[in-house]
2 protein chains.
Amino acid sequence: MTGATLAVRDSGPMNAPLSARDHTRNLKRERILDVAAELFFVKGFHGASMENLCSALGVTKPFIYYHFKSKDEILLALYLASVNSALEVARAARASSDDPVAQLKTFARTYAMLVLTDRQRIALISREKGLLNAEQMRDVTALGRAFLDVLSGLMADGVKAGAFRIDDPALAAHEVNGMIAWAINWYNPSGRRTPQDIADHMEDAALRLVGIATNWPKAEGGPGA
Amino acid sequence: MTGATLAVRDSGPMNAPLSARDHTRNLKRERILDVAAELFFVKGFHGASMENLCSALGVTKPFIYYHFKSKDEILLALYLASVNSALEVARAARASSDDPVAQLKTFARTYAMLVLTDRQRIALISREKGLLNAEQMRDVTALGRAFLDVLSGLMADGVKAGAFRIDDPALAAHEVNGMIAWAINWYNPSGRRTPQDIADHMEDAALRLVGIATNWPKAEGGPGA
DNA sequence: GTATGTTTATACCACGCGGTATAATTCCGG
DNA sequence: CCGGAATTATACCGCGTGGTATAAACATAC
């Protein structure tokens, strides 16, 4: 919301609005994180070495250690960025309308787009668990819980409004989340389907999942062929 | 189906029905695989060392290397066992009835049970990709594709029968699969929900996901209150 | 009771890992 | 054009890794 999803080193006594230096610093950090996410996605966190990261970036090792103090800190930053963006999507969907049905449609579409376009980062949340200790993961865990709470709240509102035919909002939240997030495991960027196509389908599927009958078939003609 | 899901060393000229020796050998292998799955689930494949595995098993390193020729072979065996059991579940569901609706119900329930009770092994399929080369993964990939084909076939039959209100069977297969399989990421064995509870809900959710309205509310009284 | 299959004990290896040290250098905003 | 920040170059360290060697001990079936 405030614009800075990643922790930003405050420079000086006040929380000054990003000096030019800090700005470029953050750009470098972002670049490192991007390449690291791709590497971790392909080879796994432990499978990707810092030397791999160096050569992929075309830099030397001290360069990276100038910007991050350890490999773990890179992973943590990736965790936080991912779960933060997911939380933002959920909150934005909640704020987008008063109607739970519209909220769910917005959520499903934008969340699917996030997952499909940012899958290398998003995938880390589910794949690389337990690599950091609980203390380090505290914020990540809290944000993840917040994400699910927002989504559960959406479901509960849909039930209250008499629109959703589900009997367990928390479980329905997991189901919608899983249905969409699982795409990280099968989506092929070089395949036929575009993220927009998939997001469209996910929107409809989310509605069906909460018990809302969608128009069918797509062209009019009534059910039953 | 035939009883042996894992590759069994054939002992002798004929494919003899498991000598006592081979039998115990397979038990040992299974025990190793079980503990390895737990370790890989918690610490990741690269994060879990062979020494970790040794002490968890209470054996020495040559013992393991007597039964498996490398760490990779252990991972591969786990892959195969997992994807095989998923495929068996899908095929059994297909064979359980002529009615696609009944097939889907059976699939959702049994697949959810498999995921929840075997999540440490199942999770590997989605988490540890790209660690083995394509050649080694050939069989795993083929079985995974077969699993999705069976599921897509179920969906297509449901459409043909006029029971499912979906317009893309392959995508619906991914959606149902994801909705259920994602449980590996949130299910807590020491939580309130039992696998049976969850499987029940997943069965209903799968029906809704393909556009079948379930009875609602659970107790009669008609919709709207 | 002996041959074969299985497991331990113990020690080892080469390698890649995350991370650091230090000095020299290049960049660039004020 | 200077001075501090950023980056390279290069070399190194200790450690844990996957995997192996070798010899001895145990089990067990025939």
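Cut-off values and rules
Residues numbered from 1 in each chain as written. Chains lettered and ligands numbered in written order. Predicted model: local features only at pLDDT ≥ 70, side-chain atom pairs only at ≥ 80, totals over all residues. Heavy atoms only, no water. Helix = DSSP H or I, 4+ residues; strand = E, 2+ residues; numbered from the N terminus. Buried < 20%, exposed > 50% of the residue type's maximum accessible area, 1.4 Å probe, protein only. Contact = heavy atoms within 4.5 Å. Areas by Shrake-Rupley, 256 points an atom, 1.4 Å probe, with all protein chains shown as cover. Core = buried A, V, L, I, M, F, W, Y, C linked by side-chain atoms within 4.5 Å. Least-squares fit on C-alpha atoms with pLDDT ≥ 70 in both. Near = heavy atom within 4 Å. Polar contact = N/O pair within 3.5 Å; in protein donor to acceptor, adjacent residues only side chain to side chain. Nonpolar A, V, L, I, M, F, W, Y, C, P; charged D, E, K, R; others polar. Buried area = accessible area lost by both parts, 1.4 Å probe. Salt bridge = Lys/Arg side-chain N within 4 Å of Asp/Glu carboxyl O. Axes fitted to C-alpha atoms, helices over the stretch in contact; angles between N-to-C directions. Parallel < 35°, antiparallel > 145°, perpendicular 65-115°, else oblique. Left-handed = near helix turned anticlockwise from the far one by under 90°. Phe/Tyr/Trp six-rings, centres within 6.5 Å; stacked < 30°, edge-to-face > 60°. Lys NZ or Arg CZ within 6 Å of the ring centre and 35° of its normal.

1. A look at the overall build of chain A
Part 1: Each helix and strand in chain A was counted, giving nine helices and zero strands.
Part 2: When the helices and strands of chain A are read in sequence order from the N terminus, they spell out α-α-α-α-α-α-α-α-α.
Part 3: Evaluated residue by residue, chain A yields a buried proportion of 46% over its 225 residues.
Part 4: The contacts of chain A with a sequence gap of at least 6 include a subset with a gap of at least 24, amounting to 69%.
Part 5: In the form shown here, chain A has an accessible surface area of approximately 11,000 Å², with 54% of it arising from carbon and sulfur atoms.

2. Here's the deal with the nonpolar core
Part 1: Core analysis: the largest hydrophobic core is formed by 144 residues, its most contacted members being I74(A), F107(A), I74(B) and F107(B).
Part 2: With near-sequence residues (within four places) excluded, I74(B) lies in contact with I32(B), L33(B), A36(B), F40(B), M50(B), L53(B), I64(B) and F68(B).

3. A few points about the relation of the copies chain A and chain B
Part 1: Of the transformation superimposing chain A on chain B, the axial component is 0.0 Å and the angular component is 180°, with the fit at an RMSD of 0.0 Å. What we have between these two chains is a two-fold relation.
Part 2: The overlap is high: 100% of the interface residues of chain A also sit at the interface in chain B, so the same surface is used on both sides.

4. Topic: the protein's contact with DNA strand C
Part 1: The environment of DNA strand C is made up of 17 residues, and the closest members are K61(A), K71(A), K28(B), Y66(B) and H67(B).
Part 2: Sugar and phosphate atoms represent 71% of those atoms of DNA strand C found within 4 Å of the protein.
Part 3: The contact in question runs from a base oxygen of DNA strand C to an N or O atom on the side chain of K61(A), over 2.5 Å.
Part 4: Contacts to DNA strand C include Y66(B), whose side-chain N or O atom sits 2.5 Å from a phosphate oxygen.
Part 5: Among the elements of the structure, α3 (61-67) of chain A together with α1 (20-43) and α3 (61-67) of chain B are those that each provide at least two residues to the surface near DNA strand C.
Part 6: In terms of residues, the surface near DNA strand C owes the most to one element, α3(B), which gives four residues.
Part 7: Here the residues of the surface near DNA strand C sort into eight nonpolar, four polar and five charged.

5. A closer look at the interface of chain A and chain B
Part 1: At the interface, 37 residues of chain A touch 37 residues of chain B.
Part 2: Carbon and sulfur atoms make up 58% of the area that chain A and chain B hide from each other, which totals about 3,700 Å².
Part 3: Run the count over chain A and chain B and you get four salt bridges.
Part 4: The partner of D168(B) in a salt bridge is R193(A), and the shortest N-O contact between them spans 2.9 Å.
Part 5: Among the secondary structure elements, those contributing two or more residues to the side of chain A that touches chain B are α1 (20-43), α6 (119-127), α8 (169-181) and α9 (195-209) of chain A.
Part 6: The biggest single contributor to the side of chain A that touches chain B is α8(A), with eight residues.
Part 7: Here the side of chain A that touches chain B is built from residues that sort into 17 nonpolar, 10 polar and 10 charged.

6. A short note on the packing of α1(A) against helix α2 (residues 50-57) of chain A
Residues and elements named next belong to chain A.
Part 1: One way to put it is that α1 packs onto α2 with a least axis distance of 10 Å and a crossing angle of 125°. One finds that α1 runs oblique with respect to α2. For the pair α1 and α2, the sense of crossing is right-handed. In this structure, α1 contributes R31, I32, V35, A36, L39 and K43 to the contact, and α2 contributes N52, L53, A56 and L57.
Part 2: Considering only residue class, the contact of α1 with α2 consists of seven nonpolar, one polar and two charged.

7. Details of the protein's contact with DNA strand D
Part 1: Near DNA strand D lie 17 residues; those nearest to it are K28(A), Y66(A), M50(B), K61(B) and K71(B).
Part 2: Protein-proximal atoms of DNA strand D, defined as those within 4 Å of the protein, fall in sugar or phosphate at a share of 71%.
Part 3: Measuring from a phosphate oxygen of DNA strand D, one finds a side-chain N or O atom of S49(B) at 3.4 Å.
Part 4: M50(B) has a polar backbone atom sitting 2.8 Å from a phosphate oxygen of DNA strand D.

8. Side note on the packing of helix α5 (residues 100-117) of chain B against helix α9 (residues 195-209) of chain B
Helix-helix packing is characterised by the crossing angle of the two axes and by the distance between the axes.
Residue and element names in this part refer to chain B.
Part 1: Closest axis-to-axis distance for the α5/α9 pair is 8 Å, and the angle between their directions is 145°. Of the two possible hands of crossing, α5 and α9 adopt the one that is right-handed. Together, V101, L104, K105, A108, R109, A112, M113 and L116 of α5 and P195, Q196, I198, A199, D200, M202, E203, A206 and L207 of α9 make up the contact between the two elements.
Part 2: Here the residues of the contact of α5 with α9 are counted per class, giving 12 nonpolar, one polar and four charged.

9. Structural notes on the packing of aromatic side chains
All names here are of chain A.
Part 1: For the structure on display, the rule yields nine aromatic pairs over all chains.
Part 2: Between F40 and F45 the ring centres are 5.0 Å apart and the planes differ by 75°, which places this aromatic pair in the edge-to-face class. Here F40 matches F45 in class, with each residue buried.
Part 3: Among the aromatic residues, those joined into a cluster by ring pairs are F107, Y111 and F147.
Part 4: Across the ring face of F45, the terminal group of K71 is positioned such that the distance to the ring centre comes to 4.6 Å.

10. Notes on the pattern of salt bridges
Part 1: Applying the stated rule across the entire model yields 24 salt bridges over all chains.
Part 2: Linking D139(A) and R138(A) is a salt bridge whose minimum nitrogen-to-oxygen distance equals 3.9 Å.
Part 3: Given the relative accessible area of 53%, R138(A) is considered exposed.
Part 4: Between R138(B) and E135(B) there is a salt bridge; the shortest N-O distance is 3.4 Å. A single burial state applies to R138(B) and to E135(B), both of which are exposed.
Part 5: Linked by salt bridges that have partners in common, E30(A), D34(A) and R121(A) make up one network.

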